[in-house]
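So the chains spell out like this:
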Amino acid sequence: MTKVAPPLTAWFEDQGWSAQPFQREVWAHMAAGRSGLLNAPTGTGKTYAVWGGVVNHALLHPSKAQGLKAIWITPLRALAGEIAESAQRMCDGVGLGWKVGARTGDTSTKERAAQKKALPQLLVTTPESLHVLLATKGYADLFKHLDWFIADEWHELLGSKRGVQVELALSRLKALRPQLGIWGISATIGNLEEAMTVVHGADIVGGTRSVDPIARRSLGEGGPGRPTPVLVRSTIRKPIEIRSIIPEAVERYPWAGHLGLKLAHRLLPIIEQSTSTLIFTNTRAQSEIWYHHLLDIAPELAGTIALHHGSLDRDVREWVEKALDEGRLKAVVCTSSLDLGVDFRPVESVVQVGGPKGVARFVQRAGRSGHRPDATSRIWFLPTHALELVEAAALRQAAEEGSIEARQPLFRCFDVLAQYLVTLAVSDGFSPATLYDEVRSTWCFQDITPEEWDWLLTFITTGGKSLTAYEEFRKAVVDPDGMVRVYDRRIALRHKLSIGTIVGSESYAVKLIGGGRIGTVEEWFINQLKPGDVFWFAGRSLEFVRVQGLVAQVRKSREQKGKIPSWQGGRMPLTGYMAKVLRAQLNAGDGNAEMAAVQPILARQRETSIVPTEDELLIERFESREGHHVVIYPFEGRLVHEAMGSLLAFRMSLLRPITFSIAMNDYGFELLSDQPIPIEETLDNDLFSPQDLLSDLQRSLNATEMAKRKFRDIASIAGLVFKGMPGRPLKERHMRANSGLFFDVFREHEPDHLLLRQAYDEAFNVQLELPRMREALERIGRQRIVLKDPGRFTPFAFPILVDRLREKLTSEQLEDRIRKMTERLEKA
């Protein structure tokens, strides 16, 4: 058995801890210089397993070499400080004498200047800040003693362009340090082996690594061969106690959005009986509404309840986190901003408001409570409409079985690669032939062709075929020695300011006149306000005064009503695995409290239609004063239903000229027309066939407009559009116009442009989930289609109708319309 350094054992004992078997296993592998991936439940000590491995290796193999020894990647810069403090305590406790530092977008200029002279031995950073280091002259010297690279919360980075940044950075670091130890850490992920392959690269099994000429002077001991990584799984099955808040009376015609707040009073005993409670909502706008409502119904919570989401100012978020950690808050209403890595021991209970749309997200949030290996995690599910109780039952079943969704890694993100090439060209330059092999070792670019590589080199050196005439796009030059470098200082500065893949809508800072900054809201929301308008933000009633630059100046208001900001892209779709367990749960009977509660809805559904089994697809057809309705229930999630609705509408129009309006939710979609819909005729003509899927979708949707929206972000990441200097960012409408102009030029004059092709790929494969839609159509092809004529809206159709009306009516008008419709349906 591999030796554990006595100081590490003693430090664990001083904390009152006993090392878990999986922690000791990680220490043993790391002591032998092995790489791997650790999978363990939230709150069981994953962080100390890997930090302990780094420290144990250093104690067992002391080295006089100074400089950076380990990099710890975190997806949230807000966590960097907390992780660094934990690591520093361990280093101090074992007498290692190492300094731990953090480097993120929040790091002060003074600290960065100090790090430029001498990096700490352990650096906690983000993917973006790591790439900024790679853009530094002489960066190879920074990493010449690097022994370990840890990607924390890998499940969160996997499947995002930030994860691709990690892959590319690792491909460079592995060339600099062939013996580099690499560990991924993940709590909730279904495809562990694939996740491990992605973090270690496509070359991990039995291969060797080439060594870059730039790196030769930085190499330590050891050759390029590497053993196969190991997968370490914790055997701890952390108990999760899942309870649902069941409405006292379940409406037989449910609709989304009204039930949650009616159940808010049921949270008060949970908050009272727990030391601290996290109340998770799915959107920032929801968190604002819930915070305000809880104070309305329980004013005594003032001072002990707080709000936390990503648009609040960093100082506000840090105050909330500190107060929560110190046990001064009874409750925090939050979003995914508190999903990851936060160890708040006072938190005893978690509440999930509305369906989380995924098992992994639900389990992750449950793990915020009982954050100790021997503690039970408690989570309450509060439905926002009655049918979400079916989701609650499905979540419980999946959690009990330990079934979690897979996270699909991204392929061929050429915008990220173009940015990365300029990053290396800005620093010490790169050899195209050597770098090509490195890039091909990553999962994302394992099948990049020589032609595509040459195109990218041409793109960064000349701007490509369409932009050759414009000097600003000739960023890099190929020197006589074959190295690609950037010499223009202005180009280098603008590039360093643009490093990253997080691209959102332009935001305005919200600042009190004569006071401090509160947070940020998106430009489109500020543009609709007039001076004197009142809105609720950060839990406060604010009066809009004026815009000055990119600052929205406000003053406090005593008004009790006002607009709530919303943020683009906040609505989450049902995951594929969640859709699968939901379909199975529909016919599971009343063996649990949730399914027992929804039996009146299912009974009313069966009166005029059916509740489909797993091998049935239900289609309902009826007529109302609005027109002719066809409602189809694949139970595949909002994004798939949006695309499927457009596809079917197009295929029907081929048989008969007809126009539709389309509405959808996570359970199904509605086609509405002013003339009879030929559903039977189209069913006889392979309506749901996956054949010609892509071409039919391109003809049924505005594919060009969808791709243009995707291209805006791609253009920003690839460096075609500069977002502006600090304090002087480019306005949103200007960025849209610039990226739109490039899109149109490429579409007309360079249709094979890699970034243009990527925009179309992302529009179909990411936005519309084309692979998942194809699987859904193939599944439907194996199902029995049941066509019903219920004569009126059924309980399953009703919430889809309400979602359509919501776009046209105010909240008061909607509730009044729904009340009248429900009365008519009940009488019928």
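Residues numbered from 1 in each chain as written. Predicted model: local features only at pLDDT ≥ 70, side-chain atom pairs only at ≥ 80, totals over all residues. Heavy atoms only, no water.

## Some words on the overall build of the protein
Quick reminder of the rule: Each helix is a run of DSSP H or I of at least 4 residues and each strand a run of E of at least 2, with the numbering of both proceeding from the N terminus. Only C-alpha atoms enter the radius of gyration, while the globule expectation follows 2.2 Å times N to the 0.38, with N the number of residues. In this scheme, a residue with accessible area under 20% of its type's maximum is buried, one over 50% is exposed, and one in between is partly exposed, where area comes from a 1.4 Å probe on protein chains only. Residue contacts are defined here by distance: any two heavy atoms, one from each residue, within 4.5 Å place the two residues in contact. Residue-level accessible areas treat just the shown protein chains as cover; the underlying method is Shrake-Rupley with a 1.4 Å probe. In this tally, Lys and Arg are treated as positive and Asp and Glu as negative; His is ignored, and so are the chain termini. Charge coordinates come from a single atom per side chain, which is NZ of Lys, CZ of Arg, CG of Asp or CD of Glu.
Regarding its fold elements, the protein presents 33 helices and 27 strands. Over its C-alpha trace the protein gives a radius of gyration of 28 Å, about what one expects of a compact globule, namely 28 Å for 828 residues. Each principal axis of the C-alpha atoms in the protein carries an extent, and together these give about 85 × 65 × 60 Å. Here the protein holds 828 residues, and 57% of them are scored as buried. The contacts of the protein with a sequence gap of at least 6 include a subset with a gap of at least 24, amounting to 75%. Here the protein has roughly 34,000 Å² of accessible surface; of this, 49% comes from carbon and sulfur atoms. Here the protein carries 104 positive and 101 negative side-chain charges, and the mean point of each set is 4 Å from the other.

## A few points about helix α30 (residues 754-767)
The condition is simple: A helix is expected to span 1.5 Å multiplied by its residue count minus one.
Along its 14 residues, α30 runs 18 Å from first to last C-alpha, staying within 8% of the 20 Å computed at 1.5 Å per residue. If you check which residues of α30 are buried, you get Leu754, Leu755, Leu756, Gln758, Ala759, Glu762, Ala763 and Phe764. Glu769 sits one or two residues past α30 and shows a positive phi near 50°.

## Focus: the sheet that holds strand β20 (residues 551-556)
Put simply, the rule is: Paired strands, as defined in this entry, are two strands with at least two bridges between them according to DSSP. To get an axis, a line is fitted to the C-alpha atoms, and for a helix only the part in contact is used. The angle between two axes follows their N-to-C directions and goes from 0 to 180 degrees.
With mixed pairing, the five strands of this open sheet are ordered in space as β17-β16-β20-β19-β18. A strand with exactly one partner marks an edge of an open sheet, and here the two such strands are β17 (517-522) and β18 (534-537). Averaged over all neighbouring strand pairs, the angle between strand axes comes to 45°, with direction disregarded. Pairing of strand β16 (residues 507-512) with β17, which is carried by five bridges, proceeds in the antiparallel orientation. Looking at the pairing, Ser507 lines up with Glu522 of β17.

## Some thoughts on the pairing of strand β19 (residues 540-548)
Pairing of β18 with β19, which is carried by four bridges, proceeds in the antiparallel orientation. Residue Phe535 lies in a different strand from β19, and its bridge partner there is Leu542. As judged from the six bridges shared by β19 and β20, these two strands associate in the antiparallel manner. Within β20, the residue paired with Val547 across the bridge is Ala552. Here β19 hands over to β20 after two residues, with Gly549 in that stretch at a positive phi of 65°.

## Focus: the sheet that holds strand β6 (residues 181-186)
Within the open sheet, the seven strands sit side by side as β3-β4-β2-β5-β6-β1-β7. Their pairing is parallel. Single-partner strands in this sheet number two, and they are β3 (100-103) and β7 (230-233). Here the average twist between neighbouring strands, direction ignored, is 15°. Pairing geometry for strand β5 (residues 148-151) and β6, over four bridges, is parallel. Considered in β6, the bridge of Ile150 is made with Trp183.

## Points about the packing of aromatic side chains
Convention followed: Side-chain rings of Phe, Tyr and Trp (the six-membered ring for Trp) are treated as a pair once their centres are within 6.5 Å; stacked means planes under 30 degrees apart, edge-to-face means over 60, and tilted covers the remaining angles.
This structure, assessed with the given rule, holds 24 aromatic pairs. Ring geometry for Tyr470 against Phe473: centres 6.5 Å apart, planes inclined by 80°, an arrangement best described as edge-to-face. Residue classification places Tyr470 among the partly exposed residues on the basis of a relative accessible area of 47%. Here Phe473 falls in the buried class, since its relative accessible area comes to 8%. Ring geometry for Phe473 and Phe742: centres 5.5 Å apart, planes at 85°, overall edge-to-face. On the criterion of sequence distance, the pair formed by Phe473 in the loop between α19 (450-462) and β14 (477-478) and Phe742 in helix α29 (residues 732-749) is long-range, its members being 269 residues apart.

## Some thoughts on the confidence of the model for the protein
Quick note on the threshold: pLDDT gives the predictor's per-residue confidence on a scale running from 0 to 100.
Looking at the protein, pLDDT values average 88 and 92% of them are 70 or higher. The weakest mean pLDDT in the protein belongs to strand β26 (residues 728-729) at 61; the strongest belongs to helix α17 (residues 414-426) at 98. Confidence over residues 205-224 falls short of pLDDT 50; this stretch has 43 contacts with residues more than four positions distant or in other chains.

## As for helix α13 (residues 284-297)
With 14 residues, α13 ought to run about 20 Å at 1.5 Å a step, and its terminal C-alpha atoms sit 20 Å apart, in line with that. For α13, every residue scored as buried is listed here: Ala285, Ser287, Glu288, Trp290, Tyr291, His292 and Leu294.

## A look at the nonpolar core
Defined as follows: Grouping buried Ala, Val, Leu, Ile, Met, Phe, Trp, Tyr and Cys residues that are joined through side-chain atoms within 4.5 Å yields what is termed a nonpolar core.
With 83 residues, the main nonpolar core has Phe143, Phe149, Trp154, Leu417, Phe445 and Leu720 as its most contacted residues. Of the residues forming this core, the biggest block, ten residues, is contributed by α17. Ignoring sequence-local partners within four residues, the contact set of Leu720 consists of Phe459, Leu467, Phe473, Phe711, Ala715, Phe742, Phe746 and Leu755. Residues Val320, Val359, Val598 and Ala663 belong to the second largest nonpolar core, which totals 62 residues.

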